[in-house]
Every structure is written in C-alpha cells, then in structure tokens.
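Survey of secondary and tertiary structure
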Amino acid sequence: MSLGVSGEMPAAITQSAVSANDFSLQVATANGSGSQTANNVLMRAIFRMGIPVSGKNLFPSNIQGLPTWFTIRASGAGYIARKREIDVLILMNPDTAAADVRDVRPGAVVICEKKLGVEKLRDDLTFYPVPFSELVMKVTAGSELAKLRKLIVNMIYVGVAAELMGIETAEVGEAIRRQLKGKTKAIEFNLGAFHLGLDYSQKTFPEKSPYRVERMNATAGKIILDGNNAAAIGCLFAGATVCTWYPITPSSSLCESFIDHCETHRKDPETGKMNVAIVQAEDEIAAIGMVIGAGWAGARSFTATSGPGISLMSEFIGLGYYTEVPSVIIDVQRTGPSTGLPTRTMQGDVLFVYTNSHGDTRHPVLFPSSPEECYLMAQQAFDLAEQLQTPVFVLSDLDLGMNNWMSDPFPYPEGAITRGKVLSAEDVERLKGDWGRYRDVEGDGIPYRTVPGTPHPLAAYFTRGSGHNESGVYSEKPEDYVRNVDRLKRKFETARTLVPGPVFEDRPRAVAGVLAYGTSHWGTVEARDRLSKEFGVELDYCRLTALPAPPSFRDWMQRHDRIFVVEQNRDGQLATILKDEYPEFATRFVSVLQYNGLPLDATTVVNGVLDAQPAPGRKER
Amino acid sequence: MSATVPSAPKTNRLGLAKSDYEGAKSTLCLGCGHDVITKQIVTAFYEMGVEPHRVAKFSGIGCSSKTPNYFLNRSWGFNGVHGRMPSLATGAILANRSLVGIGVSGDGDTASIGIGQFMHLLRRNVPLIYIVENNGVYGLTKGQFSATADLGATLKDGTVNDLPAVDLCSLAVELGCAFVARSFSGDMKQLQAILQAAIAHKGTALLDVISPCVTFNDHEGSTKSYKYAKDHEEPLHEIGFVPFFEDTLAEIPPGEVKDVTFPDGSVVRFHSVGRDYDPTNREQALAVLHESRQKKEFLTGILYLAPEQPSLPDVLGMTDEPLHQIPLEKVRPPKAALDAIMESLR
Ligand SMILES: Cc1ncc(C[n+]2csc(CCOP(=O)(O)OP(=O)(O)O)c2C)c(N)n1
Ligand code: SF4
Ligand SMILES: [Mg+2]
C-alpha cells in the first residue's frame, strides 16, 4: 500500500518550475520507530524560518511496526492543505520502499537508506542514498547510546535533509531544544546525530536538492498545534466543568489535553480542590448520559468522541433534544462505516449527527476549519447549548484534530458566559410559581428552566423523555405532543439566527459557486486559486460554519446556478441535507468528493470542478 | 356546642408536613409492590427532614421507573432512558454534590439492559440511593422474565425460567458497594429503617427490594410473589436507625446489638435475630449471600455497611460547591494563563 500520487494527474496542473518554499516532504517510517520528534523538529525548523507549514501524520491503527508517513508541506503562498504530489521523500521503511518510490512525482528528491538500493527503480528522480545504519553504528558502537539507535537514526535524516534543502542549522537546534524542553542529555545526543547527518551530506552530495527553503517572514508570532488541543483549550476557557469520555481515536487527545490543562488551571489554589469533574466513562453511552445529567444540573458539560461513539450515544442524544438539556458533543470524525479506517480522516458523520436519534430531531452542528475555530467554536457550543437548551455538536475530524496546524494565537474570551433562560428562586417567587418548563414565553421556542437545587418550593419540575405538556407533566394528548414538537421546530429556527454564519468570498467573473466546510476548506481555497490561475475558472466561495444555516446562506445559493459542494465522504452528505432543506436549489449542487481516508488535496477539487465546468485552458489528459 | 380546636398538622424538623413530600397520583396497578415502596420513600424523606429542593430523583424506564413522579413533588426528577439511570445520576451528582440523589430502577432496567452502568456506578461509589424494585419480570412490557427471575420460576402461562438469576446484592458487595441491603416491599418496618439509613449514607446505597408485580408475577410458581416472599423472608437482623438529629439510642432495648455510626453521627443498630451476622464484614457478607443462594433462602436486612468509604466526588478531589455556582473567574483562567499556553506552542 502507498499513499502517493496515483499517477493520473493531468499534466497541465503538474508544477513546471521548481521554486523555493513550495514542496511537500514525506517521511516514510514504521510506527513505533520514534520518528515523531525528528519530524516535528523538521517541521518546526522550517516554520521558524518564517515559512508557512503544515504537518500531517498518516498513521496505522497499530502501536508498532506498520508503515507511517509524515508529510510536511511548506508553502510560501500559505497553502497548508495536504498536497497530493510528493516532492521530497525520506525513505526509511524497507516495507514500503518500492511503492513509495513509485508514487512520487517525476523530478522528486529521494533521501533513502543506501542499502535499500532503490536508486535503480526510477531514472527520473534525484536519489541521495545515505548509509544510515552504518552511520548510526559508528556513533553508538559500544556506548550507552546503543539502545537509542532507532531514535538517533531519525535525527540523522533531519541533518541530511536540512543540509540538502537549506534548512538553517540554528533553527533546527532551537527546534530540538524546544521539542525536548530541558532534557539536556537528549538534546545533546539529538544535536550530535543531526550534525552527523549534516556533515555526511555536506561531504557526499555536492549537488543540493532543487526543493529548497529560503527564509521569509510569514510565521512571526504564530503557533503550531492540533485541533484537539485547541478545542480542549476552548473548553477550558468556556468554563466547562464536567468532561466525560471514553477513549477513541481520534478524539482521545482532546480529553487528555483537557485533563492536562485542568491540572494546571482548575485546581483551586486555596483549597487544592478541583473546580472540574472529569470521568473516563465505561462507554460512550455512559459518557453522554453523564453529560446530560450534568447539563441538567446546571454544569457546562461535554464529551468528545468519534463516529462509533456517536452511534452508541444516539438514544441519549434524543433524550437531550426532547428534554432540552444543554450539552456539548465534540465529534472528531474518522473514516467509517463501522470501525472503518480508525486512524484516517473523513467528514462522515454530518448526516448522522444532524438528525441523530429516532423521531423528528435536528441538532445545531458547528464546523470548525482550523484550530482557532476549534477553540472558538468549543466556546460558542457551550453558549449555544445553554441558550438553546439542547445538545450541540462540534464536528471536527482526524485531520484537524490530530495534525499540526499553524495558527494565530487565540484571543482571550470577552465578557461573561451565556447561561440562557434560567429562573432563580427570586424569579420563581416573583412569578408566584406560575411558570412552565416547556412554555414558550417569548415566541422563540426557547422555554425557561430552573436548576436542580434552586431553593423554592415551586422551582422543581419533572424531566421526562416521554410525552409531556408545557409544564413537563406526562401527556399523551395529540395536541400537547404537536404543540411541543412544533415549538421545538421553532426553537431550531431560532438556532439559525444564533449559530456562527457562513463566510462568503465572491470574485468578479465567477462562473459558479463552491461550498466547503470544516477541513475541506483548505484544499478548496487552494483549488480555487489554481482554477483561476491555470484555467481562468473563477468561483465564488462559501464556507459553511454551522447548521442550520442562516438566511444569508439561502441568498448566496440563490445567486449561483451551479454550486460545487466539496466534502470528504462518498455520498455528499451535506449536499443531501441541502437538497432536502432547499429543494428549490436541488439541481444546482454538484458534489466534489474525496473519501480515501486522506486529507483533502487541491488536485481533487480542481479535477472535480473541471469535470463539470468547461474550461478552455484545460489540456486533454 | 364547644368549638373544636383543629390540631396542628404534624410536621418534621423543617416544619414541613408529610404532604410536602408526596407526589402525583400513581398510575400503577392496584396493589403493585412499587406503590408500597413509594409510600416508604415519602415517609423516610419526611422523617429525615430532607429539604425537598435538595433532592434529585432519577429513573430509567419501566413501571418501577415511573415512580419518582409519585413521590417528592417539590424535588427535581429525571426519568431518562432504559437502563441508563446510573450515568444520568452520576453526571448530575458530580455537577452538584450537595444534591441528595435517589434513583429508582427495575430488575429489567438494572439487571439486563443496564447492568453495565449499574456495575460502574457501584464501582465509582456515586452518592446515590439506588433502589431496584425487583419483581422478576418486565412489568411495563407485559410480564417477560427478567434476569433476576429465579431458576425454575414460572410465568403465568407456565413458561419455566431455565437460566440462573443475577444476584444484585452479591454483585454489589463484590464491586465494593459500601451499603448493600435487601428487603421486601411487604416488610415496611425494615424497609423504612433501611431507607433512612440510606439517606444518611454518603456513597451508593443499593436497596434490592422484592416488589411483587400483582399483574404478571404474583402467582403460584413465582418466587417474587407476595406469598412466596412473606413465607420465605428471613431477616438477618432487626434494624433500628437513629438519625444524627435525634437522641433516642437509649430507648432501643439492648441485647445482642452492633452499632454502626455514620460520619454525621447517625447510628444504625443491628439486633441479631438467631444468626450471628456482622454487616461490616465483607467476606462474611459474600459467604452468606453465596450460601443463601444455594439454599434458596430469602435473606433480608443490611448485608454490608461501610459508611466511611470515600465517594466519587472525593476520589476526584472535587470542590464542595455546585459546579454551576462557581464564579466565572474560577473556571475561566486569566489571560496570563492563555498567554502561557500560547507561548508553549510557538
Ligand atoms: C431501549 C429500550 N428497549 C426496550 C424498551 C422497552 N421496555 C420498557 S420497560 C422495559 C422493562 C422494564 O422492566 P423492569 O425494569 O423490571 O421494570 P418493571 O416494569 O418490572 O417495574 C422494557 C424492556 C425501552 N423502553 N427501551
Ligand atoms: S404491571 Fe406489574 S409492575 Fe407494572 S404496575 Fe402493574 S403490578 Fe406493578
Ligand atoms: Mg421488573
């Protein structure tokens, strides 16, 4: 198996001239080989040289021994989507060597273990064979470092790559020091290994790589992090006080990050007690049950999971919807159905989540595209959940949640948090107890609630997932049922006005619109630029950030006779929702899909658009 | 004719009448064991003088799970989904540990669909009175066997149960539950004492209460019928409970007694009746439970009690404050904290 280009790329969109700061570098290793540190150092060194980067780890669902690819994309133009074409390959894994070499683009650079002998495989590549195993033996023979060989060899390829590509030694050194914060010994031998590779390359390869970096100034002040950590930080600053979870890739690290942050920031300095409750539940059913119980009792509660977890949670999500309990569910999507490809990405839960649970249900869903939006939308989700008194989903995915993204530092949240319509004991007294848990007082469909423990004899109410009237009293009366579910629908219309709105970007002479959401944003914006530059095809852009969409979204669709909907799933799940909700536009949607488990690349979108959109500049394949 | 002075209604230590602890009118079958337990719950909370607004009631789905609606109208109730009451209760109690939690479940709700959550609730020692209204059948779905039906018991139509019963009490002791009791809805005195003690207990108090289903499982051949339970009940001891706010211990006649004191000063006094049983001895509890199952005995009483065991909020090192009442500045770290996190990511 391999992850490279499939070889059928149209010639017209292959890159002709090689320029600096524009390449995709892939490191092929086996997992468990400890290459993570080295790869991060490479990425961060380039980042520290001021060049926009992204780092994507394509890993197996396994702990040790199966192939792993880490891809670093450097782009002076700021494109950080996965690039389908590999320009530089660092080949360390004998198991995938032949396929990896086969799949790189013509003209690519291959840094490889010499004894693999892959140079014979192709004559249109530049090979830099390095005797990694000999080099590492030389420095570790007979020393206490022997058991660290596996790790040291990784830093040797960093040295070779840095020297061939012009990555500054000082920045690599700084990246190593930051990566290994304070571990003096480790820093020392990693620096040693790095220089070993550097020296070897200097002496051996007079001809440098055509793919090179040149210092620029596009990353000053920026940070690098994954979306899961960003969402965890969002939950921390949103004042979330209950977190429940059941481990599942790719969402586990979100809760683990939250735990770490809470240890530092949620321990009361005076009492030493925790201002948070975190429970690793026995399964996802219990996790969501606890979230709903806690939300009912007034806490800001959330869980993070992935598709299989959502499947298990469905009954409870219906309960949360029908009993109107604030709760936040962060779904870090992975490739389904079933166990699917557990360590690969997909926008596969959109349809399932939006109408999750039996009966008529609809839930607000937020689509973050970047770590900053993970941070912001985590906070918005809690506000919305309390304002709307309902479960709110944040739909991230493995690409966003677990990969490395550049970001501006996050803004500190302004103002108080939104608690929504909550009656205090004084309010209940003022109303002389004349209130109904499911009464629509303002006409926005959102009722008032009291929080358990409110000290007033008339504050309490009974919450039930069975039919109920406006006072929460059991009722099977047809008119009570209809009034209640119609109000819920009204409430959902209110949600439309409260969720974050789409981001529009129109262009003069646009021939159609393109619509994307979540991580599909990155490949789409790059494709849009390429379509413009290479084919003269101009597209207006709408990035949908939430469902249900506000009225401005309808207006945008109204203006476009053809709308490309870019998604990372087989069935065009968002398009399906849109066709259902906007039947008058149903014939305008053209799906552009990628569903191979890999993050969306621009080439897929370019091809998908060109397939449907006549482009005079397009050469025949 | 002389005017009669209306006697002041009897009130508890809060000045509340018993009617302040009642709930909606029951819609269960006339004579259902569950209704008897409901009445005992009303009495226990009244006698213990628990503020109704501090009580949170939880249940799953079933006839038994409907009952929280029939007691403590002034308290909060959450009737959730089938078998998942434990997780709802866990979340709510963590969110506000000052609430007094009571969960009512059925044998189907607990021993079949909900056994996973049940076991994990016990393991976590979530502060909750957990009552299983055990009738050996699924009442609400019209009388199928549940997993607590005894081997060889029959349904009304003669169908024989050929699988062994799940013993919820053994399971509870095994999983570290520190308050495990078995009772019978027909033994009101014992049930009342156990309920009051359960209110005083700070962790999970499991009450497996045989509660006959008069409609589907009260016939000859049932081992969960009124008659069977009455004929076979064998109390391990007599239980006297004295809450911390009363000082009536001296009135309980001495004899072969063992006192267990709760952290708040409440005392459970056990009078042995016949057998020598120490409810604070976990090994003995397990041995007696195993033995009684072999012998098909119906032992009742508090099988195991360890009031000092730390409960989940303590294990998590949590604050005493209800989480939604913590001021924002304590749950939203300052800007400097965000800056520090950002700096670490450069
Ligand atoms: C997921 C799900 N499956 C099945 C049911 C149907 N159901 C309702 S109550 C019940 C059994 C209740 O039995 P038990 O808990 O013993 O309560 P009882 O009625 O005997 O008091 C079942 C199977 C349901 N409500 N939800
Ligand atoms: S069916 Fe059985 S359990 Fe249900 S209410 Fe009637 S008697 Fe009680
Ligand atoms: Mg039952």
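Residues numbered from 1 in each chain as written. Chains lettered and ligands numbered in written order. Predicted model: local features only at pLDDT ≥ 70, side-chain atom pairs only at ≥ 80, totals over all residues. Heavy atoms only, no water.

Description of the overall build of chain B
Scanning chain B from terminus to terminus reveals 12 helices and 13 strands. Against the compact-globule benchmark of 20 Å for 346 residues, chain B has a radius of gyration of 22 Å, which places it among compact chains. Principal-axis analysis of the C-alpha atoms places the extent of chain B at approximately 75 × 70 × 40 Å. Considering chain B as a whole, with its 346 residues, one finds that 59% of them fall into the buried category. (Helix = DSSP H or I, 4+ residues; strand = E, 2+ residues; numbered from the N terminus. Rg over C-alpha atoms; globule rule 2.2 N^0.38 Å. Buried < 20%, exposed > 50% of the residue type's maximum accessible area, 1.4 Å probe, protein only.)

Considering the coordination of the magnesium ion (ligand 3)
All names here are of chain B. Distances from the magnesium ion (ligand 3) to its protein donors, namely Asp107 (OD), Asn135 (OD1) and Val137 (O), fall within the range 2.1 Å. In the primary structure, the donors to the magnesium ion (ligand 3) are separated according to the pattern D-x27-N-x1-V. The two residues Asn135 and Val137 agree in class, both being buried. (Donors = N, O, S within 2.8 Å, 3.2 Å for Na, K, Ca; no water.)

Some details on the pattern of salt bridges
Residue and element names in this part refer to chain A. This structure, assessed with the given rule, holds 56 salt bridges over all chains. Residues Glu526 and Arg73 are paired through a salt bridge, measuring 2.7 Å at the closest nitrogen-oxygen approach. Here Arg73 lies in strand β3 (residues 67–75) and Glu526 lies in helix α16 (residues 520–535), a separation of 453 residues in the sequence. Residue classification places Glu526 among the buried positions, given a relative accessible area of 5%. Salt-bridge contacts for Glu538 lead to Arg507; the nearest nitrogen and oxygen are separated by 3.7 Å. Here Arg507 lies in the loop between β18 (503–505) and β19 (512–517) and Glu538 lies in the loop between α16 and β20 (539–544), a separation of 31 residues in the sequence. A cluster of three or more residues bridged by salt bridges with shared partners is formed by Arg300, Asp383, Glu386, Arg419 and Arg449. (Salt bridge = Lys/Arg side-chain N within 4 Å of Asp/Glu carboxyl O.)

Some points on the interface of chain A and chain B
Taken together, the contacts link 73 residues of chain A with 53 residues of chain B. Roughly 5,200 Å² of surface becomes buried between chain A and chain B when both sides are summed, with 64% attributable to carbon and sulfur atoms. Where chain A packs against chain B, one counts three salt bridges. Two residues, Asp320 of chain B and Lys273 of chain A, come together in a salt bridge whose shortest N-O distance is 3.4 Å. Put simply, chain A and chain B have 23 residue pairs in polar contact (both at pLDDT 80 or more) between them. In terms of residues, the side of chain A that touches chain B owes the most to one element, helix α9 (residues 284–296) of chain A, which gives eight residues. Partitioning the side of chain A that touches chain B into residue classes produces 41 nonpolar, 20 polar and 12 charged. Judged from the three bridges that link them, strand β17 (residues 462–464) of chain A and strand β2 (residues 76–79) of chain B form a sheet pairing that is parallel. Bridge pairing links Phe462 of chain A to Gly77 of chain B in β2 of chain B. (Contact = heavy atoms within 4.5 Å. Buried area = accessible area lost by both parts, 1.4 Å probe. Polar contact = N/O pair within 3.5 Å; in protein donor to acceptor, adjacent residues only side chain to side chain. Nonpolar A, V, L, I, M, F, W, Y, C, P; charged D, E, K, R; others polar. Pairing = 2+ DSSP bridges.)

Quick word on the domain arrangement of chain A
In terms of domain boundaries, chain A breaks down into domain 1 (11–212), domain 2 (225–407), domain 3 (425–495) and domain 4 (503–612). Each of domain 3 of chain A and domain 4 of chain A was reduced to a C-alpha centroid, and the two centroids are 40 Å apart. (Domains from an automatic or database assignment.)

Digging into helix α5 (residues 169–179) of chain A
All buried positions along α5 of chain A are accounted for by Glu171, Val172, Gly173, Ala175 and Ile176 of chain A. In the core, the buried residues of α5 of chain A are packed alongside α1 (36–48), α4 (149–165) and α6 (184–204) of chain A.

Section: the pairing of strand β11 (residues 257–261) of chain B
Two faces, one strand: in a regular strand the side chains alternate between the faces of the sheet. Residues and elements named next belong to chain B. When β11 meets strand β12 (residues 267–272), the two strands line up antiparallel, connected through five bridges. If you follow Lys258 over to β12, its bridge partner there is Phe270. Counting the residues in the hairpin turn of β11 and β12 gives five residues, including Gly265, whose phi is positive at 100 degrees.

Topic: the state of the cysteines
Residue and element names in this part refer to chain B. All told, the structure shown has zero disulfides over all chains when counted by the stated rule. Note on Cys169: no disulfide assigned, nearest cysteine sulfur contributed by Cys177 at a separation of 8.9 Å. Among the residues examined, Cys169 registers a relative accessible area of 0% and is labelled buried. (Disulfide = S-S within 2.5 Å.)

What to know about the packing of α1 of chain A against α5 of chain A
All names here are of chain A. It is at 8 Å that the axes of α1 and α5 come closest, and there the two elements cross at 130 degrees. The orientation of α1 relative to α5 falls into the category oblique. As α1 runs across α5, the sense of the crossing is right-handed. Contacts from Thr37, Asn40, Val41, Arg44, Ala45 and Arg48 of α1 reach α5 at Glu171, Val172, Glu174, Ala175, Ile176, Arg178 and Gln179. (Axes fitted to C-alpha atoms, helices over the stretch in contact; angles between N-to-C directions. Parallel < 35°, antiparallel > 145°, perpendicular 65-115°, else oblique. Left-handed = near helix turned anticlockwise from the far one by under 90°.)

Some details on the packing of helix α3 (residues 132–140) of chain A against α4 of chain A
Residue and element names in this part refer to chain A. Look at α3 against α4: their axes get within 10 Å of each other, and the N-to-C directions meet at 115 degrees. Crossing geometry of α3 relative to α4 is assigned as right-handed. Contacts between α3 and α4 involve Phe132, Leu135, Val136, Met137 and Thr140 from the first element and Arg149, Ile152, Val153, Ile156, Tyr157 and Val160 from the second. Across the contact of α3 with α4, the residue classes break down as nine nonpolar, one polar and one charged.

Examining the site of ligand 1
In the neighbourhood of ligand 1, 18 residues make up the surrounding shell, with Cys63, Ser64, Gly108, Asp109 and Gly139 of chain B lying closest. Around ligand 1 the close residues trace back to chains A and B. With respect to ligand 1, the backbone of Asp109 of chain B contributes an N or O atom lying 2.7 Å from an oxygen atom. Burial of ligand 1 by the surrounding chains reaches 77%, relative to a free accessible area of 590 Å². For the shell around ligand 1, the elements supplying multiple residues, two or more each, are α2 (63–66), α4 (107–111) and β5 (137–138) of chain B. Among the elements that make up the shell around ligand 1, the one with the highest residue count is α4 of chain B (three residues). When the residues that make up the shell around ligand 1 are grouped by side-chain class, the tally is six nonpolar, nine polar and three charged. (Near = heavy atom within 4 Å. Areas by Shrake-Rupley, 256 points an atom, 1.4 Å probe, with all protein chains shown as cover.)

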